[in-house]
Amino acid sequence: MTVTQGPAGGRRRTNVNLIIGIVIIGSMALVTLVSFVYTPHDVNAMHREHRFEGPSARFLLGTDNFGRDILSRLMYGGRTAFYVGIVAVGIGIVVGTMIGGLAGYLGSWVDELFMRVMDGLLAFPGLIMALMVIAVAGPGTLNTAFAIGVMSIPGISRIARSGFLQYRSIEFVQSARTIGVRPAVIMAKHILPNVMTSLVIAGSVAFAGAILSEAGLSYLGLGVQLPDPSWGRMLREAQGHFMRTPWFTLGPGLAITLMVLGFYSLSNGIRDAIDVREAHG
Amino acid sequence: MSKPLLSVRGLSMTFPIRAGVFQRTRGHVYAVSDVSFDLRRGGTLGIVGESGSGKSTLGKCVIRLVEPTAGTVVFDGRDVTHLREPELRRSIRSRIQMVFQDPFSSLNPRQSLQSIVEEPLHVHHRLERTERAAYAADLIERVGLDPARRDRKPHEFSGGQRQRIAIARALALRPELIIADEPVSALDVSVQAQIMNLLDDLQREFGLTYVFISHDLSVVRHASEDVAVMYLGRLMELASRDSLFADYRHPYTQALMSAVPSVRRVGARRRSRVVLSGEMPDSSDPPGGCVFHTRCPYARDRCRTEVPAVHDIAENHRIACHFPIE
């Protein structure tokens, strides 16, 4: 007992990933929330006499080609990033879990049908899929989020399927059946909570992916449209002036990188935390 | 004998083996083949056999976790073999319950003790919420656990305690028949005895009928009134406990008996140690004739070609063998 419990109970290794993830995502979220009540300057105010300025006391991260404050726009862009991420991951998790869950739990032809459709979705390159949705529904923040959400369904549904499949034959699920619990309740009450952790990890990874995709689409001019600020579009606006004003690209580039890094770190951290708990629980 | 509570006739369960892109059936696993028995209300039928002998599948067919491919299961005069799930839930589920082998996977790790024990009542709308809690507490105490720990999760209990939880859950609906699938195999020997005694007491107290599945002859001997010996999905010998242990007639039973490591001799008639050679054949490719002939020390030509029918050899003693031991 003491031999096995000593290291685990005594000095559990610090979960660096989790801390990094929480700090980065936490501060990004905080800055985004602050933007609702305060930004250093008006987001769309153009200070014509201050175009292409470097960082200064008045404009902490400098100004862009129209003399707008980059920091304010970055803060505001965080809203778009989180909005797109939350909507996209929400769609991905909800629909993906339902499809994967039904496929895994019911098996047979349901599994076959759903998973072949998912394979079909997966066969399209993600960006092309998103372009298709946007071509049909038109660009805009919500449509972008929707397109990205649809893109994330196949991956999440596969994770959900394998989880439900694994638990379908476990004895406490069989026991629930012999008690007479309905299939829907078995899935929701007995299986889902046990699969949830891997779904949370998948969601966290999907969030990073969604932010990247949104930035990519907006960079191409297909995603978020004016006047909503978006980090991706800021990059696009900045690229023409890169030689003259490198800090212009630095802000949105760093914001996207940090956000993606944060969510990956968070997902790794959650996984490590769960592994430790399950190994020593 | 009065009308049996459980009557199984010609039960077979065959799983298709699917493979390849188009999931074509490449063969079958013959898990249970042509098994028949009766079980009186309040009785205990022990089913023994090696792993892979189909005893668990037989139990799952009876409780309809799987639908048998042939034969009938008649429970309390009603054919439940092909009842659909909603009808099963309505009229059968509450009357047959199961205790599983592994108390570590048979309890949902996220449910508390109380919620596990209350769930059956909740599902079948028995009792009001407040009454349920009191009833669950009673039940928890009855199986030998402390009701004060009702908010604890399964991982905070030992293996034996977990099996008690599983028993409390199975008991919650006051079922008539309990299928106990290797209920003590995963437990320490000292704990095994406690759980066996608990099952004994509960049987007397609630008039339960047990189907007791085990690979352990001594456990089955302790628990059962009748004993069925299975091999490769088929019934080899079925007799009352005393006549089976004192007067077994099937070569396979003989081999099982002689394999029991015991200070005291289990089989009174043991003449010599019979050690079977080889492995049990693959149940997807069972031998023709008597399924046991490949390992039977007494096999003759007839055994290789003709499947022995289960027939009465004495009162309450049936056997599937062309050449029973005298």
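Higher on the page you've got the structure.
The following paragraphs examine the structure supplied in this document. Keep in mind it's a predicted model, so treat the numbers as computed, not measured.

1. Things to note about the overall build of chain A
When helices and strands are counted, chain A shows 10 helices and 0 strands. Listing every helix and strand of chain A by position from the N terminus yields α-α-α-α-α-α-α-α-α-α. Principal axes of the C-alpha set define a box for chain A whose edges measure 75 × 55 × 30 Å. Expressed as a percentage of the 281 residues in chain A, the buried residues total 47%. Within chain A, counting contacts between residues at least 6 apart in sequence, those at least 24 apart form 70% of the total. When the accessible surface of chain A is split by element, carbon and sulfur atoms take 69% of a total near 13600 Å². Treating the 21 positive side-chain charges of chain A as one cloud and the 15 negative ones as another, the clouds have centres 4 Å apart.

2. Some points on the side chain of B:Ser112
If you trace the backbone, B:Ser112 turns up in the loop between strand S6 (96-99) and helix H3 (113-123). In this view, B:Ser112 contacts B:Arg150, B:Asp151, B:Arg152 and B:Lys153; residues no more than four positions away in its chain are not counted.

3. A short note on the environment of A:Asp228
All names here are of chain A. Note that Asp228 resides in the loop between helix H8 (183-219) and helix H9 (231-239). Asp228 sits 198 residues away from Leu30 along the chain, and the two C-alpha atoms are 19 Å apart. Beyond its immediate chain neighbours, meaning those up to four positions away, Asp228 contacts Thr141 and Arg233.

4. Quick word on a nonpolar patch on the surface
All names here are of chain A. Side chains of Leu30, Leu33, Val34, Phe36, Val37 and Tyr38 sit close together on the surface and give an oily, nonpolar patch of about 670 Å² of accessible area. Here Val37 shows up in helix H2 (residues 16-37). By relative accessible area, which is 75% here, Val37 ends up exposed.

5. Here's the deal with helix H4 (residues 129-142) of chain B
All names here are of chain B. The end-to-end C-alpha separation of H4 is 20 Å, in line with the 20 Å expected for 14 residues at 1.5 Å each. Among all positions of H4, only Arg132, Tyr135, Ala136, Leu139 and Ile140 are buried. Here the buried residues of H4 occupy an arc of 140° about the axis, which is enough to place them on one side. Opposite its buried face, H4 presents the exposed residues Thr130, Asp138 and Glu141, each directed more than 90 degrees away. Two residues or fewer after H4 comes Gly144, characterised by a positive phi angle close to 90°.

6. Some remarks on helix H3 (residues 70-106) of chain A
Residues and elements named next belong to chain A. Between its terminal C-alpha atoms H3 stretches 52 Å, which fits the 54 Å expected from 37 residues at 1.5 Å a residue. The buried fraction of H3 is high, at 26 of 37 residues. Gly107 occupies a position one or two residues after H3 and carries a positive phi of about 65°.

7. Focus on the interface of chain B and chain A
Each side of the interface is counted separately: chain B has 27 residues, and chain A has 17 residues. Summed over the three residues of chain B that lose the most area to chain A, namely B:Leu65, B:Arg89 and B:Arg110, the buried surface amounts to 29% of that side. At the boundary of chain B and chain A, one finds 1 salt bridge. Among the salt bridges present, the one from B:Glu119 reaches A:Lys189, with a minimum N-O distance of 3.2 Å. Summed over the shared surface of chain B and chain A, the result is 14 residue pairs in polar contact (both at pLDDT 80 or more).

8. Re the pattern of salt bridges
Residue and element names in this part refer to chain B. Under the defined criterion, the tally for this structure stands at 27 salt bridges over all chains. A salt bridge links Arg152 to Glu156; its shortest N-O distance comes to 3.4 Å. Arg152 sits in the partly exposed class, given a relative accessible area of 35%. Across the pair Glu306 and Arg302 runs a salt bridge whose closest N-O atoms are separated by 3.2 Å.

9. Examining the packing of aromatic side chains
For the structure shown, the criterion picks out 6 aromatic pairs over all chains. Seen from their ring centres, B:Tyr231 and B:Phe292 are 5.0 Å apart, and the 80° between their planes marks the pair as edge-to-face. Of this pair, B:Tyr231 sits in strand S9 (residues 226-231) while B:Phe292 sits in the loop between helix H9 (251-258) and helix H10 (301-305), and the two are 61 residues apart along the sequence. Sitting over the ring of A:Phe36, A:Arg79 keeps its end group 3.9 Å from the ring centre. Taking NZ or CZ as reference, A:Arg79 lies 3.9 Å from the ring centre of A:Tyr76, over its face.

10. Some remarks on the nonpolar core
Where a protein is soluble and globular, its nonpolar side chains tend to be buried together. Grouped together as the largest cluster of nonpolar side chains are 43 residues, with contacts concentrated most on A:Ile191, A:Trp231, A:Met259 and A:Phe263. Sorting the residues of this core by element identifies H2, H3, helix H6 (141-168), helix H7 (171-179), H8, H9 and helix H10 (246-280) of chain A as the ones contributing at least two each. For this core, the leading source of residues is H8(A), giving 12 residues. Filtering out sequence-adjacent residues up to four positions away, A:Met259 remains in contact with A:Ile25, A:Met28, A:Ala81, A:Phe82, A:Ile211 and A:Trp231. B:Leu113, B:Val117, B:Leu202 and B:Ala223 belong to the second-largest nonpolar core, a separate cluster that totals 36 residues.

11. With respect to the sheet that holds strand S5 (residues 78-79) of chain B
Residues and elements named next belong to chain B. As summarised here, the arrangement of the 4 strands in space is S2-S1-S4-S5, forming an open sheet in which the pairing is antiparallel. Edge strands, defined here as strands with exactly one partner in the open sheet, are strand S2 (24-39) and S5. Two strands pair when backbone bridges link them, and strand S4 (residues 70-75) and S5 are joined in this way by 2 bridges, in the antiparallel orientation. Counted as the bridge partner of Val74 is Asp79 from S5. Sheet strands in contact with helix H1 (residues 55-62) are strand S1 (6-19), S2 and S4, and its direction is about 115° off that of S1.

12. Describing the packing of H3(B) against H4(B)
Residues and elements named next belong to chain B. Relative orientation of the contacting elements H3 and H4 amounts to 120°, with a least axis distance of 9 Å. By the criterion of interaxial angle, the relationship of H3 to H4 is oblique. For the pair H3 and H4, the sense of crossing is right-handed. Together, Leu113, Gln114, Val117, Glu118, Leu121 and His122 of H3 and Arg132, Ala133, Tyr135, Ala136, Leu139 and Ile140 of H4 make up the contact between the two elements. In terms of residue class, the contact of H3 with H4 is built from 8 nonpolar, 2 polar and 2 charged.

Conventions used here
Residues numbered from 1 in each chain as written. Chains lettered and ligands numbered in written order. Predicted model: local features only at pLDDT ≥ 70, side-chain atom pairs only at ≥ 80, totals over all residues. Heavy atoms only, no water. Helix = DSSP H or I, 4+ residues; strand = E, 2+ residues; numbered from the N terminus. Buried < 20%, exposed > 50% of the residue type's maximum accessible area, 1.4 Å probe, protein only. Contact = heavy atoms within 4.5 Å. Areas by Shrake-Rupley, 256 points an atom, 1.4 Å probe, with all protein chains shown as cover. Lys, Arg positive; Asp, Glu negative; His and termini not counted. Charge placed at Lys NZ, Arg CZ, Asp CG, Glu CD. Patch = residues over 30% accessible without salt bridge, like charges linked within 9 Å, V, L, I, M, F, W, Y side chains within 5 Å. Salt bridge = Lys/Arg side-chain N within 4 Å of Asp/Glu carboxyl O. Expected span 1.5 Å × (residues − 1). Arc of directions from axis to C-beta. Buried area = accessible area lost by both parts, 1.4 Å probe. Polar contact = N/O pair within 3.5 Å; in protein donor to acceptor, adjacent residues only side chain to side chain. Phe/Tyr/Trp six-rings, centres within 6.5 Å; stacked < 30°, edge-to-face > 60°. Lys NZ or Arg CZ within 6 Å of the ring centre and 35° of its normal. Core = buried A, V, L, I, M, F, W, Y, C linked by side-chain atoms within 4.5 Å. Pairing = 2+ DSSP bridges. Axes fitted to C-alpha atoms, helices over the stretch in contact; angles between N-to-C directions. Parallel < 35°, antiparallel > 145°, perpendicular 65-115°, else oblique. Left-handed = near helix turned anticlockwise from the far one by under 90°. Nonpolar A, V, L, I, M, F, W, Y, C, P; charged D, E, K, R; others polar.

Limitation: the analysis is restricted to geometry and does not speak to function.
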